[in-house]
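Next come the chains, spelled out residue by residue.
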Amino acid sequence: MRIVLKMLIATTMLGIAAPALGQEVLVTAQRRGYNNGDASYSDGVVASSRPIINLKRTADYAVQTVRVVGDARDFTTRRNDLRATISNMIATAGKAGVELATGDYVLEPLTLARYERLNFSSDGRSDTDQTSFLAKVRLTPGMTIDAAKAKIAQFVASVSKVGRSQVSATNDLTLSVINPDQYRSQIIDLIAADAALSAAKFGTGSGVDVTGLDRPVEWARGGPTDVFLFLPSTYTVRKR
């Protein structure tokens, strides 16, 4: 039995949506599913179909959106109150076991050196400003999604709020993964094992043509704290 790997070379397109090594991505920001050999992505953030061969593992973080809003009538006072409150959050997050971040696809830490870059919106009222970012909790072995949510809620409640600022956690928790492409080798091992098993069922002289192994690792949520990591690959059993 022989397995032939037909690597589809798409190096021109691979850099469009793939995060750099070591970067953290939101699981809700799914890479585009494999579609008729199309190696392109739509902004890197569209729903993805999942093949049956995948690596299921616990995500690195549980992530929730945090909203900070202020309604002091004076504009300067309002903005200063909001920035002071956010500064307090950054200063105390670590002690609460929480990390703060920004980003819709690739996440970056929210630090004292970067927090003034946050965008504010009016919330539909001339005397109200708001902004939002992400609070995340590292998922340790055995931690439930409810425990992660409770930790974020406890942190939000403990924040020292300045003036008329208010802080709230919104939406359901999602997950994040650090450097999904680090799992490529494990995923290829799973594909190779499944392909070899399938070929063996067709008798001596059967081989397998595999495509898609050169593509970036994709992801989808696999449970409350789990993710599926996979390659958009296909294989065909052939008689040699």
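In this text the structure is predicted, and so the values were computed from the model without any measurement. (Residues numbered from 1 in each chain as written. Predicted model: local features only at pLDDT ≥ 70, side-chain atom pairs only at ≥ 80, totals over all residues. Heavy atoms only, no water.)

Participant: So what about the environment of Ser87? Which residues, and what values?
Facilitator: Looking at where Ser87 falls in the secondary structure, it is placed in helix α2 (residues 75–93). A C-alpha to C-alpha distance of 10.0 Å links Ser87 and Leu110, two positions 23 residues apart in sequence. Apart from residues no more than four positions distant in its own chain, Ser87 is found in contact with Leu112 and Tyr115. (Helix = DSSP H or I, 4+ residues; strand = E, 2+ residues; numbered from the N terminus. Contact = heavy atoms within 4.5 Å.)

Participant: With reference to specific residues and values, describe the pattern of salt bridges.
Facilitator: Under the definition given, this model contains nine salt bridges. A salt bridge links Lys136 to Glu99, with the shortest nitrogen-to-oxygen separation between them at 3.9 Å. In this pair, Lys136 sits in strand β7 (residues 129–138) while Glu99 sits in strand β5 (residues 99–102), placing the two residues 37 residues apart along the sequence. Exposure remark for Lys136: the relative accessible area of 7% places this residue in the buried category. You can call Glu99 partly exposed: its relative accessible area is 35%. Notably, a salt bridge pairs Arg238 with Asp209, separated by 2.5 Å at the nearest N-O pair. Placement of Arg238 in strand β12 (residues 234–239) and of Asp209 in strand β9 (residues 206–211) is noted, with a sequence separation of 29 residues between them. (Salt bridge = Lys/Arg side-chain N within 4 Å of Asp/Glu carboxyl O. Buried < 20%, exposed > 50% of the residue type's maximum accessible area, 1.4 Å probe, protein only.)

Participant: Tell me what's going on with the nonpolar core, and back it up with residues and numbers.
Facilitator: Ile86, Met89, Leu100 and Phe133 are the most contacted members of the largest nonpolar core, which totals 48 residues. Contributions of two or more residues to this core are made by β4 (61–70), α2, β7, α3 (145–158), β8 (165–178), α4 (184–200), β9 and β11 (226–230). Contacts of Met89, omitting those with residues within four sequence positions, involve Val66, Val68, Leu100, Phe133, Phe155, Val159 and Val167. Core analysis: the second largest hydrophobic core is formed by six residues, Tyr61, Val63, Ala101 and Leu134 among them. (Core = buried A, V, L, I, M, F, W, Y, C linked by side-chain atoms within 4.5 Å.)

Participant: Explain α2 to me, using residue names and the numbers behind them.
Facilitator: Taking 1.5 Å of rise per residue, the 19 residues of α2 would be expected to cover 27 Å, and the 27 Å separating its terminal C-alpha atoms lies within 8% of that figure. Turning to α2, its buried residues are Arg78, Arg79, Asp81, Leu82, Thr85, Ile86, Met89, Ile90 and Ala93. Tucked into the core, α2 has its buried residues touching β4, β5, β7, α3 and β8. Measuring from the side-chain oxygen of the N-cap residue of α2 to the backbone nitrogen of Thr76 gives 3.4 Å; that N-cap residue is Asp74. (Expected span 1.5 Å × (residues − 1). Polar contact = N/O pair within 3.5 Å; in protein donor to acceptor, adjacent residues only side chain to side chain.)

Participant: I'd like to hear about the sheet that holds strand β2 (residues 24–26), residue by residue, with values.
Facilitator: Taken in spatial order, the six strands close into a barrel running β2-β6-β5-β7-β4-β8, and their pairing is antiparallel. Sheet twist, expressed as the average angle between the axes of neighbouring strands with direction ignored, equals 45°. Bridge count for β4 against β7 is ten bridges, and the pairing is antiparallel. Opposite Arg67, over in β7, you have Ser132 as the bridge partner. Relative to the sheet, α2 contacts β4, β5, β7 and β8, its axis offset from that of β4 by approximately 155°. Sheet strands touched by α3: β4, β5, β7 and β8. Its angle to β8, the strand with the most contacts, is close to 145°. (Pairing = 2+ DSSP bridges. Axes fitted to C-alpha atoms, helices over the stretch in contact; angles between N-to-C directions.)

Participant: Before we move on, can you summarise the sheet that holds strand β10 (residues 218–221) with the specific residues and values?
Facilitator: Picture the strands of a sheet paired through backbone hydrogen bonds; they go either parallel or antiparallel. With antiparallel pairing, the three strands of this open sheet are ordered in space as β3-β11-β10. Two strands bound the open sheet, and with one partner strand each, they are β3 (55–58) and β10. Pairs of neighbouring strands in the sheet enclose a mean axial angle of 30°, with direction left out of account. Both β10 and β11 contribute to a ladder of four bridges, which runs antiparallel. By the bridge assignment, Glu218 is partnered in β11 with Phe230.

Participant: Please give an account of α3 that cites residues and values.
Facilitator: Under the 1.5 Å per step criterion, the end-to-end length of α3 is 20 Å for 14 residues, consistent within 8% with the ideal 20 Å. Those residues of α3 that sit buried are Ile145, Ala148, Ile152, Phe155 and Val156. Taken end-on, α3 shows its buried residues confined to a sector of 100°, consistent with a single buried face. Looking at α3, the residues exposed on the side facing more than 90 degrees away from the buried face are Asp146, Gln154, Ala157 and Ser158. Looking at the packing, one finds that the buried side of α3 touches β4, α2, β5, β7, β8 and β10. (Arc of directions from axis to C-beta.)

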